[in-house]
Amino acid sequence: MTWLRGYAVLYLVFLYAPIVLLPIFAFNDSTIIAFPLSGFTTQWFTEIPNTPALVKSVQTSLIIAVTTALLSTTLGICAARAGAKYSFPGKAPMLGFIMLPLVLPEIIVAVSLLVVLLALGLPLGGWTVILGHTLICTPFCIAILNSAFGNLDASLEEAAFDLGETRWSTFRLITLPLVMPGIISALLISFTISLDEFIIAFFLTGTEPTLPVYLWGQLRFPQKIPVVMALGTILVALSVILLTIAEIARRRGIARAGGKDTGGFL
Amino acid sequence: MFRNSETARGLTLIAPPALYALLLLAVPLLAIFAFSFWSQDFLTIDYTPTLNNYREAFSEPLYAQLLLRSVLIAGAVTLATVVLAFPIAYFVSFHVAPSRKSLWIFLITIPFWTSYLIRVFLWKVILGYNGVLNSSLLGLGVIDEPLTFILYNANAVVITLAHAFAPFAILPIFVSLEKIDRSLLEASRDLGENTVMTFLRVTLPLAVPGVVAATLIVFIPTIGDYVTPRLVGGPNGLMIANMIQTQFLKLNNAPMGATLAVIAMGIVTVLSLIFIFLNRRWLKGRKT
Amino acid sequence: MKDTSPPPPIVSLRAVQKYYGTYHALRGIDLDIGEGEFFSLLGPSGCGKTTLLRTIAGFEDISEGTLLLSGQDMSGVPANKRPTNMVFQSYAIFPHLSVAENVAFGLRRRSDLSKQARQVMVEEALDMVGLGGYGARAAHALSGGQRQRVALARALILKPKVLLLDEPLSALDKKLREQMQNELRRLQRHVGITFVLVTHDQEEALIMSDRIAVMFEGEIAQLADPQTLYRRPLSRRVADFIGVMNFLPARATETGAEISGLGRATITPEQCPAGPLSGDCTIGIRPETMSILFGDEPAPASETRGLVHELAYYGDMTYYDILLDGVEKPVTLSMKNLVGRRVLERGETARISWDERALVAFAN
């Protein structure tokens, strides 16, 4: 199946083409984003910390992303746990509805939240972005945590309970350590999604733009683009590091549970 | 364990995420629906129910054109993404050693997690008149003058979105392929079918659920994409989401924006249901 | 026969009912399990035996009736507060803990124990199950049999009043299972704790138990010691579930029965475990209580004739399906393959010896 392997490699080239260009232009000594390259510079990287609006937007985004990650992972734990362990009336429709943002166009989520917030006369700001991001991140967390909770043998918790632990200490001593890798990857992935999300932030952000909203504004000015490229390079590097940690955590979780790796985040 | 109060415990646990979704998804969606029957004069909302927005949406050619284009572009993106993704999913599932599968999936998912905005912008750089693709092809002597049909039109939107949604298509297909019991393929071979026919008669039908999931998961969000048409679409590549945004943030006509959003959701729902229905019938037809 | 009166009850169930919605899982269970007994709940899957075990453990509450553990009402007492411990079918060894940590798990709340005391207890528990020196091992690196032993040590270290075992041997292969059966029996005698075992394997129940409750559809069909259960089953269903039994149509007479294919036999009241018979009935006879007579060997008891319909050679034994006169379904009998003893061929006629003392009678 050499042609299939060849195709796979070509496909990876297609997937990585834009990302490979990112550092190339980030270090290119020209404001024109095109070949041929004109020379090497680290000027664009040094400009990043000297752009107060950019730094501010990074801070805003980080606060939003961390809060979103914590909130959506917490909600995800509740839903995944309820889904894996209990049966109750209306379970499937409820879980289905919670997962809906996964397939809903983001613009719909964004405008519908906007309409309600404006109708209620609530001011837009970081917290409104957090609300929207938590809504779209929770389904991803559930998808990740579902497999963590689903792989958990119910008799392990029964055994701990049988050996004298309470429900809560059973959760703390058995359940939590065994699903911890899933929780870590849910945190990291919801953090990454929130950090990168544009549409909802675009609609719901107040006077302080998030990083993607700030970048969106910069894309109109050609002279600002190289700094965007530099920032993009840093973001990509950061994402890769975070994702690698998430992947290692996931694999370790599987190894710890003595299971077999079947691959994949979702 | 603790079956006695299972229902109560389950409901207690599901309550926070369910209430969250109720307040921040169900209520807003209902609000959008309600808005679509109201009207707005500058900044004041007139709450008298009216169908004028829908009348206007269906009579104004621009809206119809944007809706149709959104559906066509989303359809093309879906087709391209799923067709391109299937061989990859097949390759990783059937021709990659089990220990290296997660590495491949990891490699496939990485680009997806890197800044969407910047990625789309880079496609503009790649596909532009003086872009990476044109300059490379010119340099290689493949073409004499830059290709213009690849930027600021629907083609560019399709290419960019096919890239953006690749993992969404690959993962569900991969999962459904992974679930196929390999002895079924051996059985098919044993019963006299060759590799190609085994693929067509066993592998492909069993992978249908994954393909269906991939199709829906690409089609539905694509129809509402905003960034890509705006950055690489040019005037003839704009889609309905751009108009919704304009109505809300520029024209201050939230009811019209809401109407367009409702119509777009309606179209997505109807098309998805038709697709699922046809697929069910096709599967049933095969079983009898 | 053994004395069947149980020692003072440590587990006592009275009129226990369990419903899952409309499904009636336990239908009026009355049961006393004595101190130090090795007690088995035996039955096909779905008969309620596991539900009953989980009820005793406290994982399921009972819909009606009472459950006493050493005289105390257990209603409202959760599993972690009951003097029972369980060995799970999947063993439920905590994968993120070492062997020693697994075994010591239940000691966490015992603040009266010093660290050294705990270590000594864990070592003793591991020694007891033959895993001395395995304490530092990672739990997921253990084999199936070793997991089983860790699960035992983990439960027994708490010195429960009752140890509950949910199909503990079903995941092991045949050789290991037989070895563990002996070891479990030995262990139970050694610690003197009441064991309640759930199993669907009748042989396992016979080998290990002091008493067995056979369950069908949420009810106890018979409660007896292994010998009584085997020799005097209360119903055809129990007889069929425990080992192999041939059933022959018969007609009750004043002193016994007229049996198709065998002839007239005297049946004592003791051979009618479910009560006296009249009219048409069924007579059961086990394969090993019949034998083939070779040459002109005299019959030790009664004698009949039959045709070898089919046979299965097992090495140590041969199982014959014999067609008796006037009986449609062939009866099975087993013969030891002794030195010099011939194996019959299909179609041969054989003289069959049987003993009326081995018969059991059932009403139709």
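Figured I'd write up the structure that's included with this text. (Residues numbered from 1 in each chain as written. Chains lettered and ligands numbered in written order. Predicted model: local features only at pLDDT ≥ 70, side-chain atom pairs only at ≥ 80, totals over all residues. Heavy atoms only, no water.)

What about the sheet that holds strand β10 (residues 219-224) of chain C?
All names here are of chain C. Spatially, β6-β7-β8-β3-β9-β10 is the arrangement adopted by the 6 strands of the open sheet, whose pairing is mixed. Sheet topology places β6 (84-87) and β10 at the edges, where each strand pairs with a single neighbour. The sheet shows a mean angle of 20° between the axes of neighbouring strands, taken without regard to direction. Note: strand β3 (residues 38-42) against strand β8 (residues 194-199), 5 bridges, orientation parallel. Within β8, the position partnered with L42 by the bridge is T199. (Pairing = 2+ DSSP bridges. Helix = DSSP H or I, 4+ residues; strand = E, 2+ residues; numbered from the N terminus. Axes fitted to C-alpha atoms, helices over the stretch in contact; angles between N-to-C directions.)

Here we look at the interface of chain A and chain B
Facing the 85 residues of chain A at the interface are 82 residues of chain B. Across the chain A to chain B interface the summed buried area is about 7,800 Å²; carbon plus sulfur atoms make up 83%. Taken together, the connections running from chain A to chain B amount to 0 salt bridges. No other element matches the 15 residues that helix α1 (residues 2-26) of chain A contributes to the side of chain A that touches chain B. Here the residues of the side of chain A that touches chain B are counted per class, giving 64 nonpolar, 10 polar and 11 charged. (Contact = heavy atoms within 4.5 Å. Buried area = accessible area lost by both parts, 1.4 Å probe. Salt bridge = Lys/Arg side-chain N within 4 Å of Asp/Glu carboxyl O. Nonpolar A, V, L, I, M, F, W, Y, C, P; charged D, E, K, R; others polar.)

Details of the packing of aromatic side chains
Considering all chains together, one arrives at 27 aromatic pairs over all chains under this definition. Look at F202 of chain A and Y226 of chain B: their rings are 5.8 Å apart centre to centre, the planes differ by 35°, and that puts the pair in the tilted class. Of this pair, F202 of chain A sits in helix α9 (residues 199-204) while Y226 of chain B sits in the loop between α10 (195-223) and α11 (227-232), each in a different chain. The exposure class assigned to Y226 of chain B is buried, which follows from its relative accessible area of 1%. Pairing W216 of chain A with Y226 of chain B gives two aromatic rings, centres 5.9 Å apart and planes at 45°, and the pair type is tilted. Separated into two different chains, W216 of chain A in helix α10 (residues 211-218) and Y226 of chain B in the loop between α10 and α11 make up a pair that spans both. Members of the aromatic cluster, each reached through a chain of ring pairs, are F198, F202, F203 and W216 of chain A together with Y226 of chain B. (Phe/Tyr/Trp six-rings, centres within 6.5 Å; stacked < 30°, edge-to-face > 60°. Buried < 20%, exposed > 50% of the residue type's maximum accessible area, 1.4 Å probe, protein only.)

Considerations on the packing of helix α8 (residues 166-178) of chain B against α10 of chain B
Residue and element names in this part refer to chain B. Remark: α8 packs on α10, axes separated minimally by 8 Å, with the N-to-C direction vectors making an angle of 155°. Between α8 and α10, the crossing angle belongs to the class labelled roughly antiparallel. When you trace α8 past α10, the crossing you get is right-handed. Between α8 and α10, the residues in contact are F168, A169, P172, I173, S176 and L177 and T203, L206, A207, G210, V211, A213, A214, I217 and V218, respectively. (Parallel < 35°, antiparallel > 145°, perpendicular 65-115°, else oblique. Left-handed = near helix turned anticlockwise from the far one by under 90°.)

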